[in-house]
Amino acid sequence: MNKFKYLFTYQLKQKLTAKSFLVSNIIIFVVLMLLLNINNIVRAFDDGSDGADLVYVYNQTDNPNIMSELEVYEDEISSQLGTSGVYFVSIDSFDPDSYEFEGSSAILVINQEGESLSADLFINDLNVYKRTSIQNALEKLRQDYLLEDKTQEEKDLIIEFLTPMDFTPHLTEDTQGKEILSGIASFVSLPIFMLIIFAVQAVGASIVEEKQTKAVEYIIANVSPNKHFFAKILTNFIFLTIQLLLILVYGLIGGLLSIYVFGGYDMSAGLGLSDTIALSYGIDNATMDNIMKQLPLTVFFFIGFTGLGGLLYMIVMGFVASISNSNEDYGQFQTPLMMLMLGGFYAAMFGTMFGDTNIIIKIMAYIPVFSPFMAPSLYLAGAFNWIEALISLLILALTSLFMYKLIMPMYKNAILSYSTDKMTVRIKKAFSRSKHNK
Amino acid sequence: MLEVKNVRKDFGNFTAVNHLSFTIQPGEIFGLLGTNGAGKTTTFKMIMGLLEPTEGEIFLDGQKITYDSVDEIGYMIEERSLLTKMKVKDLIQHYGRLKNLTTEVIEERMQYWLKRFNIENYYDRKINTLSKGNQQKIQFITSIINNPRLLILDEPFSGLDPLNTLKFVEVIRDFQSKGSMIIFSTHQIDHVESFCEKLIVLQEGEAVISGAITDIKKDYKKHNILVIADDLDKDKLLTIEGVDDVIIDANQWIIKIAEDTYASGVFDYVKTLDNVMKFDVEQARLSEIFIDKVGESYEQV
C-alpha cells in the first residue's frame, strides 16, 4: 500500500471510529427524528380533553339556551384551531369589583342591551388561542341573536353587513411551491455552515496537533508534504461527504417513519410517496409535484456547494494551521476566515428571509468565500436560477483548484517552520521560500 | 555510503551551514558536535530532505535522497516528535507504516524492542502517561523499527540516565555491527569519544574540527601530564618551558604542555621530588580540544 493510501485510510478510520463521531451522530439522529415527528409526538400525547380550561359563564341575557349554543360554537372553533378548547360552567352571581376565579381559567360575563350583545372576559390564565376561540364563538352567537325573529329580508341585510369582504389570493402552483421553498431557503445555510465549520476545524486541529508535537517532522521525513496535505484534505472531504449523506439518510428515515409508521400511511389507498408527504404536511398534490421536481437540483446544489465550499475552506484553513505553532496561534489566525464564513452565513439567512433579494446579495453569492452558504439559499428562494447557481458552483470549483495550486508549495515551508513572526510575515516567508525552492 | 558534499544552507542573510563536507562508510559511527545553533539539526534536516540545501549535494550510495529512499533511513528528532494522545502500540504501528512496513513485521519488531528496553508493560499505555525517559525510548524505537541502513540521531541521549544511555549505546553498537551508518549529535562529548570513529565539530555552521578521532587527537599538539607526588610547586612548574597551565585536581595534578617534547623538562623536575606515585603523559581529551577550538561559546551552553 502506498503511503498516501495508508495515510488516507488511517486518518479516515481514525475519524469514523472516534467516539465523538458516534456520539454526535446519535445526537443528530435523535434530534432529526424528534424534529420530523414532533407533530406525531404531540398528537400521541394529546387526547383532546386534558388541556381543556374551565371558564365560568355569568349569563345576564334573557336567553337561557345561550350556554349550550356557546359550547357548540366553541367546540367547533377550537377543533378548527387545533387547541384543546374550554368548557363552560354557569354561575349564578358575579361582582366585577370583588370576584374570585375559584379554579377557573377565566370568567365570561355576557350582557344584553336591547338587541345587542356584549361580553367581558376576566382572565386568570388563558392562552391567546383559547381567547380567540371564545371571541369567535361569541361572534357567532351575536349573529344568531341578531337574526332571531327577523324577516328574511332583514336577515339577508344583516348577513350582508356582517359578512367580511371576499378576498382570495390566487397563487399559481409554481408560486406556491416557490413560497414553500423560499420559506426554508434561509435555513439551508445553517447545516452547510455547521458542516463546513466542522470539517475545517477537524483539518486545522489535526495539522496543529502534528505540528505542535513535532510529529510532523517525522511524518514529512517519510511522506511528501503534497501527499500529507492532500491526504488530510481528502480525508476530511470524504468524512464531510459521509456525514452529509448520513444526515440525509437520517432525514429520510425520519420522514418515512413520520409517514409510514406514525402518520398512518394507508397502503391500500394507492397514494404515491409525494401524495402522502403532501397530505401529511397539508400541501396540495400539484404543489408537491412541483417541489419534488425541484428536489434533485436542490440536493445537487446543496451537496455541491457544501462539498466544494468545505474543500476551499479546508485548503485555506489547512494552510493557516500549517503556519500556526500552537492551538492559540491557530485560534488567532483563523478568526478572519471565520468572520468571512459568518458573513456568508448571515447574508444567506437574512438575504432570503424577506423574499426580495438585492443585487449586492446576488453578487456576494458568486464570491467563493460566501457562495457555499449563499448560493443554495438563493436558488431555493428563487433569486438564482439553475444556470446562475451552476456558474457560482463552477467559480467555487476553479477557486478551490487555484488555491490548492497556490498553497501546496507554501505548505512544506510553512509546516516545518516554527517562526514566531506575525501571521502576514509568516505567509510572506512561506510564499517567498516556496518560489525559491521550486 | 553517505556523502555530504560542500553543502550550504542560507536562511535569508543568515548562513546556518557553510560548505560542509563529510562521508560516512557502512559500519561507521559519526559524531556531529557543536554548540546550540551551530547547524547540526539543519544538517540532519538537509540529509532527510526536510530542508533543501542552498548549495551542494547529499548522496546515499551515490543516489540523491528522495522519498523513495527514506524507508532505509531512521531519524530521531531532537525534540520528541510523538503524538502524545496515542497509545504506544498505535504510534509505533503508525510510524512503522509510514516506513512501508507491514503491521505483522512492525508488531514483531515492536515486541522485541519494547522488551529490550524493559517497557513491554507500556504497550497499551498512552504516550502522555509515560515519563520523559520512556518517551525517549519510544521515539528511539520508532527510528529503528525499519532496521535502517542510515540512522540519524539528533541528541539521542538528552534526558536519559546513565543506565539507559548505556542501553542506547548497546543498540547503536548492534546496528553498527550490522553495517548501518550512524550519525548523531550530542552535547555530551564523552559519548563521542567512547564510541565514535569520526566527527565534525561545527561552529556557526562551519566545520572547525573534522576527521577520525585518533587523527584529531594525534594532530592536536597539546598533551597533559598527570602527576601524583609530594611537594609539587605550581609556580615552579609554570616556569618550565612548554608548560601552559597547571590544574590541581582532587587527587592528582594535571600539567598542560604545548607539545609532548616538553614532557622531559617536567619529568626532570618531578624526579627531584619525594614519593612520586604517578607520572603519565597522555593526549588531550576531546572535550579539551573542543573547548580550545570552539572557545567560550561552548562553555556558555
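Residues numbered from 1 in each chain as written. Chains lettered and ligands numbered in written order. Predicted model: local features only at pLDDT ≥ 70, side-chain atom pairs only at ≥ 80, totals over all residues. Heavy atoms only, no water.

## What to know about the nonpolar core
A general feature of soluble globular proteins is that nonpolar side chains tend to end up buried together.
Item 1. If you look at the biggest cluster of nonpolar residues, it comprises 155 residues, and the most contacted ones within it are Leu2, Phe22, Ile47 and Ile138 of chain B.
Item 2. Excluding its chain neighbours within four sequence positions, the residues that come into contact with Leu2 of chain B are Phe22, Thr23, Ile24, Ile47, Ile58, Phe59, Leu60, Ile65, Leu150 and Met181 of chain B.
Item 3. Counting residues in each nonpolar core, the second largest holds 19 residues, with Leu70, Leu108, Ile110 and Leu117 of chain A among its members. (Core = buried A, V, L, I, M, F, W, Y, C linked by side-chain atoms within 4.5 Å. Buried < 20%, exposed > 50% of the residue type's maximum accessible area, 1.4 Å probe, protein only. Contact = heavy atoms within 4.5 Å.)

## As for the packing of helix α5 (residues 128-147) of chain A against helix α6 (residues 152-162) of chain A
All names here are of chain A.
Item 1. Where α5 meets α6, the closest approach of the two axes is 10 Å, and the angle between their N-to-C directions is 155 degrees. Classified by the angle between their axes, α5 and α6 sit roughly antiparallel to one another. Between α5 and α6 lies a crossing of right-handed hand. Packed against α5, whose contacting residues are Arg142, Gln143, Leu146 and Leu147, the element α6 presents Lys155, Ile158, Ile159 and Leu162 at the interface.
Item 2. Per-class residue counts for the contact of α5 with α6 are 5 nonpolar, 1 polar and 2 charged. (Axes fitted to C-alpha atoms, helices over the stretch in contact; angles between N-to-C directions. Helix = DSSP H or I, 4+ residues; strand = E, 2+ residues; numbered from the N terminus. Parallel < 35°, antiparallel > 145°, perpendicular 65-115°, else oblique. Left-handed = near helix turned anticlockwise from the far one by under 90°. Nonpolar A, V, L, I, M, F, W, Y, C, P; charged D, E, K, R; others polar.)

## As for a nonpolar patch on the surface
Residues and elements named next belong to chain A.
Item 1. Taken together, Leu297, Phe300, Trp386, Ile387, Leu390, Ile391, Leu394 and Ile395 make up a surface patch of nonpolar side chains, about 680 Å² in accessible area.
Item 2. Here the nonpolar patch takes 6 residues from helix α16 (residues 386-415), the largest share from any one element.
Item 3. Inspection of the secondary structure assignment puts Leu297 in helix α11 (residues 285-322).
Item 4. With a relative accessible area of 31%, Leu297 lands in the partly exposed category. (Patch = residues over 30% accessible without salt bridge, like charges linked within 9 Å, V, L, I, M, F, W, Y side chains within 5 Å. Areas by Shrake-Rupley, 256 points an atom, 1.4 Å probe, with all protein chains shown as cover. Salt bridge = Lys/Arg side-chain N within 4 Å of Asp/Glu carboxyl O.)

## Some thoughts on the pairing of strand β12 (residues 243-248) of chain B
Residue and element names in this part refer to chain B.
Item 1. With 5 bridges connecting them, β12 and strand β13 (residues 253-257) associate as antiparallel partners. Within β13, the residue paired with Val246 across the bridge is Ile255.
Item 2. In this structure, the hairpin formed by β12 and β13 is closed by a connection of 4 residues. (Pairing = 2+ DSSP bridges.)

## Let's talk about the confidence of the model for chain B
Residues and elements named next belong to chain B.
Item 1. Mean pLDDT over chain B works out to 87, with 98% of the residues at or above the 70 mark.
Item 2. By mean pLDDT, helix α11 (residues 296-299) is the weakest element of chain B at 50, and helix α3 (residues 103-116) is the strongest at 95.
Item 3. Among the scores for the predicted complex, ipTM is 0.82 and pTM is 0.72. (pLDDT = per-residue confidence, 0-100.)

## Describing the side chain of Gln252 of chain B
Item 1. Structurally, the position occupied by Gln252 of chain B is in the loop between β12 and β13.
Item 2. Engagement of the side chain of Gln252 of chain B in a polar contact is seen with the side chain of Lys278 of chain B, the distance being 2.9 Å. (Polar contact = N/O pair within 3.5 Å; in protein donor to acceptor, adjacent residues only side chain to side chain.)

## Examining the sheet that holds strand β1 (residues 53-59) of chain A
All names here are of chain A.
Item 1. Here 4 strands make up an open sheet; going across it, the order is β2-β1-β3-β4 and the pairing mixed. The outermost strands of the open sheet, each flanked by one partner alone, are β2 (86-90) and β4 (116-123). On average, each strand axis in the sheet is tilted by 25 degrees relative to the strand beside it, whichever way the strands run.
Item 2. Of the strand pairs in this sheet, β1 and β2 are connected by 5 bridges, and their pairing is parallel. Pairing of Asp53 across the sheet is with Val86, part of β2.
Item 3. Of the strands in this sheet, β1, β2, β3 (106-113) and β4 are in contact with α5, which crosses β4 at around 165 degrees.

## So, unusual backbone geometry
Residue and element names in this part refer to chain B.
Item 1. Unlike most non-glycine residues, Asn118 shows phi in positive territory, near 55 degrees.
Item 2. Mapped onto the fold, Asn118 is located in the loop between α3 and α4 (132-144).
Item 3. With a relative accessible area of 55%, Asn118 lands in the exposed category.
Item 4. Although it is not a glycine, Glu155 adopts a positive phi angle of roughly 50 degrees.
Item 5. Within the secondary structure, Glu155 is located in the loop between β7 (150-154) and α5 (162-177).
Item 6. Among the residues examined, Glu155 registers a relative accessible area of 4% and is labelled buried.

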